[in-house]
Amino acid sequence: MKIYRLLTEEDTSAFCHKVSLALSKGWELYGSPTYAYDAANGVMRCGQGVTKEIDTPYSPDMKLGQQ
């Protein structure tokens, strides 16, 4: 079964580290990254979808980042 996450973060090195950590845990990039202005907080934000094949059935209660 394939699961999906959308990683988001302010446009700092923290975003790159978040994506790199996911890749190191077996997640794969899904689609292109996104970049937008967050007017509420006055910062640019980045987003990147990632997917991963898992052996367990999906449940809405599962913690995706721990897979």
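Refer to the structure printed above.
Conventions we followed
- Residues numbered from 1 in each chain as written.
- Predicted model: local features only at pLDDT ≥ 70, side-chain atom pairs only at ≥ 80, totals over all residues.
- Heavy atoms only, no water.
- Helix = DSSP H or I, 4+ residues; strand = E, 2+ residues; numbered from the N terminus.
- Buried < 20%, exposed > 50% of the residue type's maximum accessible area, 1.4 Å probe, protein only.
- Lys, Arg positive; Asp, Glu negative; His and termini not counted.
- Salt bridge = Lys/Arg side-chain N within 4 Å of Asp/Glu carboxyl O.
- Polar contact = N/O pair within 3.5 Å; in protein donor to acceptor, adjacent residues only side chain to side chain.
- Contact = heavy atoms within 4.5 Å.
- Patch = residues over 30% accessible without salt bridge, like charges linked within 9 Å, V, L, I, M, F, W, Y side chains within 5 Å.
- Areas by Shrake-Rupley, 256 points an atom, 1.4 Å probe, with all protein chains shown as cover.
- Phe/Tyr/Trp six-rings, centres within 6.5 Å; stacked < 30°, edge-to-face > 60°.
- Lys NZ or Arg CZ within 6 Å of the ring centre and 35° of its normal.
- Expected span 1.5 Å × (residues − 1).
- Arc of directions from axis to C-beta.

Position of Lys52 relative to the elements: it lies in strand E3 (residues 43-53). There is no salt bridge for the buried Lys52, and the closest opposite charge comes from Asp55, which lies 9.9 Å off by N-O distance. Within the local environment of Lys52, its side chain forms a polar contact with the backbone oxygen of Lys25, the two atoms lying 2.8 Å apart. Once residues lying within four places of it in the same chain are set aside, the contact partners of Lys52 are Met1, Lys2, Ile3, Lys25, Gly26, Trp27 and Gln67.

Before going further, it helps to spend a moment on the pattern of salt bridges. This structure, assessed with the given rule, holds one salt bridge. The closest approach of N and O atoms between Lys18 and Glu9, which form a salt bridge, is 3.3 Å.

What follows concerns a nonpolar patch on the surface. On the surface, Tyr4, Leu6 and Tyr30 cluster together to form a nonpolar patch covering roughly 350 Å² of accessible area. As for its placement among the helices and strands, Leu6 is situated in strand E1 (residues 2-10). Exposure remark for Leu6: the relative accessible area of 51% places this residue in the exposed category.

All right, on to the packing of aromatic side chains then. For the coordinates displayed, the defined rule picks out one aromatic pair. Taking NZ or CZ as reference, Arg5 lies 5.0 Å from the ring centre of Trp27, over its face.

All right, on to helix H1 (residues 13-24) then. With twelve residues, H1 should reach 16 Å at 1.5 Å per residue; the first-to-last C-alpha distance of 16 Å fits that figure. Regarding H1, the residues found buried are Phe15, Val19 and Ala22. Projected onto a plane normal to the axis of H1, the buried residues spread over an arc of 60 degrees and lie on a single side. Seen from the buried face of H1, the exposed residues on the opposite side, beyond 90 degrees, are His17 and Ser24. Looking one or two residues beyond H1, the residue adopting positive phi is Gly26, at roughly 95 degrees.

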